Amino acid sequence: MNVLDQYSRRVLAGLDLGEETVSALIGEHKGGTYRALGLGEAPTQGIRDGRVENIGDAVESVVAAIREAQEKAGVTAAVWYTNFFDPDMESVISRGSKTLKGEGQI
């Protein structure tokens, strides 16, 4: 890969917090196409009916899925787009992001 290719590559990351599984996907957008680089999954813990009941357990599930996706992709993602299953939520406007690290820290 030459230097110009590195700067024309856009890494994207998405996180889905489902009822049973937390899924993390890292992909790239390059030359008008999308390609999956790595997928990580972990059992959902600390979330019930789309609501966080135990933040520590929820963070551990998210961190486990993200770590697996990053290991498979061979890259790290600085920004993650998230999807929560919450039937009461009408819309979410993201105003920022935070990297999750370690044992239950936000």
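S.K.: Just checking my understanding: could you explain the side chain of Thr44 for this structure?
M.R.: Turning to its location among the elements, Thr44 is positioned in the loop between strand S3 (33-43) and strand S4 (47-48). Accessibility expressed as a relative area gives 15% for Thr44, which makes it buried. A polar atom in the side chain of Thr44 sits 3.0 Å from the backbone nitrogen of Thr21. Contact partners of Thr44, with chain neighbours within four places excluded, come to Gly18, Glu19, Glu20, Thr21, Val22 and Ser61.

S.K.: Can you walk me through the nonpolar core in this structure?
M.R.: Taken as a class, soluble globular proteins show a tendency for nonpolar side chains to be buried jointly. Core analysis: the biggest nonpolar cluster contains 18 residues, and Leu15, Ala24, Ile26 and Trp80 have the highest contact counts within it. Every element with two or more residues in this core is listed here: strand S1 (10-17), strand S2 (21-30), S3 and helix H2 (55-73). Residue contributions to this core peak at 6 residues, all from H2. Not counting residues within four places of it along the chain, the set of residues in contact with Ile26 comprises Val11, Leu12, Ala13, Ala36, Leu37, Gly38, Ala69, Gln70, Ala73, Val75 and Trp80.

S.K.: Whenever I open this one, the pattern of salt bridges confuses me. Can you help?
M.R.: For side chains of opposite charge, pairing can occur when their charged atoms come near one another. One pass over the structure, following the stated rule, counts 3 salt bridges. Two residues, Arg35 and Glu28, come together in a salt bridge whose shortest N-O distance is 2.8 Å. By relative accessible area, which is 8% here, Glu28 ends up buried. Between Glu53 and Arg48 there is a salt bridge, with its nearest N and O atoms 3.9 Å apart. In terms of burial, Glu53 and Arg48 fall into one category: exposed.

Here is what the cut-offs are and how they apply
- Residues numbered from 1 in each chain as written.
- Predicted model: local features only at pLDDT ≥ 70, side-chain atom pairs only at ≥ 80, totals over all residues.
- Heavy atoms only, no water.
- Helix = DSSP H or I, 4+ residues; strand = E, 2+ residues; numbered from the N terminus.
- Buried < 20%, exposed > 50% of the residue type's maximum accessible area, 1.4 Å probe, protein only.
- Polar contact = N/O pair within 3.5 Å; in protein donor to acceptor, adjacent residues only side chain to side chain.
- Contact = heavy atoms within 4.5 Å.
- Core = buried A, V, L, I, M, F, W, Y, C linked by side-chain atoms within 4.5 Å.
- Salt bridge = Lys/Arg side-chain N within 4 Å of Asp/Glu carboxyl O.

None of this, on its own, says anything about what the molecule does.
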